[in-house]
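Examination of the molecular architecture
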Amino acid sequence: MSLYCLSLNTNKISLAHRTLRARTGRRTFTVLGFESSADDTCAAVVTSSRQILSNVVVKQHDLHEGFGGIHPSVAIEAHQRNMPGAVRMALEQARISIHDVDGIAFTRGPGIGGCLSVGSNAAKSLAAALGKPLVGVHHMQAHALTPLLTTPAADLPQFPFLTLLVSGGHTLLLLASSLTSFQILATTADASIGRAFDKAARALGLSWGTRGPGAALEELCRVTNDELESLPDIQPFTVPMPGKLAFSFASLQSSVERYISLMEEPLSSSHKIALARAFQTAAARQLCAKLTLSLQKLKLKDVNVRDIVVSGGVASNIFLRERLQAALNEYSSDDERISLHFPPLELCTDNAAMIAWASMHRFLASDYDDYTIDLRAKWSIEDIRV
């Protein structure tokens, strides 16, 4: 039985896969993927048999820390320097030549326009020169479909499933009905959760480290020492817009900044830990509240959801994972368990493996893009077909 036969939509991939094998005698279709939508330069090789042959990510944290965020022109220049080496490394790690690649995929959008153009131009030029088919991919669709690549075959999410996409640029709660059909149930009214994590970390004076400011805040929350018993008592931050399917993280970020501004002395280490924990706990409470609210509303509409996918860079936060699982355990009944799916930590943040995988169903259906396809810096996930 094919790995793809576990859901209605992945049945289509399986049929195309068998047709390809019958026509060409090849067991798998191999895709070289490009991702450069923000500040990570990525290249990867993935096959239709769900093998990640390579996944190269070149980060730029050291270049942007001084700016307090991604500086577009700096990111573009770094992508231009890093992309050739990333592609070469991806092919070397996959132990294939460029001529063994069957198709080339890239992030078409959304993202920073100039950054997107680096990956787009590289992919289109390479595909045109080699006569390879090309597919442009929606970045958030790729995040949502990653568990279909990484989850064991017997436990694959079944459509329709809920997907919570949490990253530096987005906070989205979606109903996924197929590989290409997504309905937005909730989005942020202001800042994304990833942006709020980053700004809270900066307000606390945390160094970005090798993983970024949000990860630095998570690491601070995990600090354990003898002083923890005497941590300052900070009143819990509230969850905004109770009862409404909408996120707001600007208010949470502002609560941290306001607390710091009212301090008469510089923050002590214990104060930083307490404040970071209060922030992270409030962020988790908001995600849990909105997720369970969406399940309740879908149930009233007789929409049966048995799987939830959480992906994006913030999905690598272990505390958030634990709180979401606890909330789901509390919500689920013994007769109707809901499964929670996360990509591996290294595939939560931006990567090209997810781009290659999200393009696979189109390659197998011979549904290619023209080499002149344009970018979509702003592109709603509800409009993937546009």
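Here the structure is a predicted model, which is why all the values come from computation and not from measurement. (Residues numbered from 1 in each chain as written. Predicted model: local features only at pLDDT ≥ 70, side-chain atom pairs only at ≥ 80, totals over all residues. Heavy atoms only, no water.)

The next thing to look at is the packing of aromatic side chains. Summed over all chains, the structure comprises five aromatic pairs. One residue, arginine 108, lies across the ring of tryptophan 379, its end atom 5.0 Å from the ring centre. (Phe/Tyr/Trp six-rings, centres within 6.5 Å; stacked < 30°, edge-to-face > 60°. Lys NZ or Arg CZ within 6 Å of the ring centre and 35° of its normal.)

Okay, the pairing of strand E8 (residues 182–187) next. Taken together, the five bridges between strand E7 (residues 171–176) and E8 define a ladder with antiparallel strand orientation. Looking at E8, one finds that leucine 175 is bridged to glutamine 183. (Pairing = 2+ DSSP bridges. Helix = DSSP H or I, 4+ residues; strand = E, 2+ residues; numbered from the N terminus.)

Moving on to the sheet that holds strand E4 (residues 103–109). Here we have five strands laid out as an open sheet, ordered E3-E2-E1-E4-E5, and mixed in their pairing. The sheet terminates laterally at strand E3 (52–58) and strand E5 (134–138), the two strands that pair on one side only. Between one strand axis and the next, the sheet turns by 20° as a mean value, whatever way the strands run. With four bridges connecting them, strand E1 (residues 30–35) and E4 associate as parallel partners. Its bridge partner being in E4, valine 31 is matched across the sheet by glycine 103. (Axes fitted to C-alpha atoms, helices over the stretch in contact; angles between N-to-C directions.)

What follows deals with the side chain of aspartate 369. Relative to the assigned elements, aspartate 369 resides in the segment after helix H12 (352–364). Judged by relative accessible area, which is 18%, aspartate 369 ranks as buried. Of note is the side chain of aspartate 369, whose polar atom sits 2.9 Å from the side chain of arginine 362. Excluding its chain neighbours within four sequence positions, the residues that come into contact with aspartate 369 are Leu134, Val135, Gly136 and Arg362. (Buried < 20%, exposed > 50% of the residue type's maximum accessible area, 1.4 Å probe, protein only. Polar contact = N/O pair within 3.5 Å; in protein donor to acceptor, adjacent residues only side chain to side chain. Contact = heavy atoms within 4.5 Å.)

With that settled, consider the sheet that holds E8. Pairing in this open sheet of five strands is mixed, and the strands run E8-E7-E6-E9-E10 from one edge to the other. Of all strands in the sheet, those bounded by a partner on one side alone are E8 and strand E10 (339–341). The sheet shows a mean angle of 20° between the axes of neighbouring strands, taken without regard to direction. Across six bridges, strand E6 (residues 161–166) lies against E7 in antiparallel orientation. Bridge assignment links valine 166 to a residue of E7, and that residue is threonine 171. On top of the sheet, helix H11 (residues 318–331) reaches E6, strand E9 (307–311) and E10; it is set at about 165° to E10, its chief contact.

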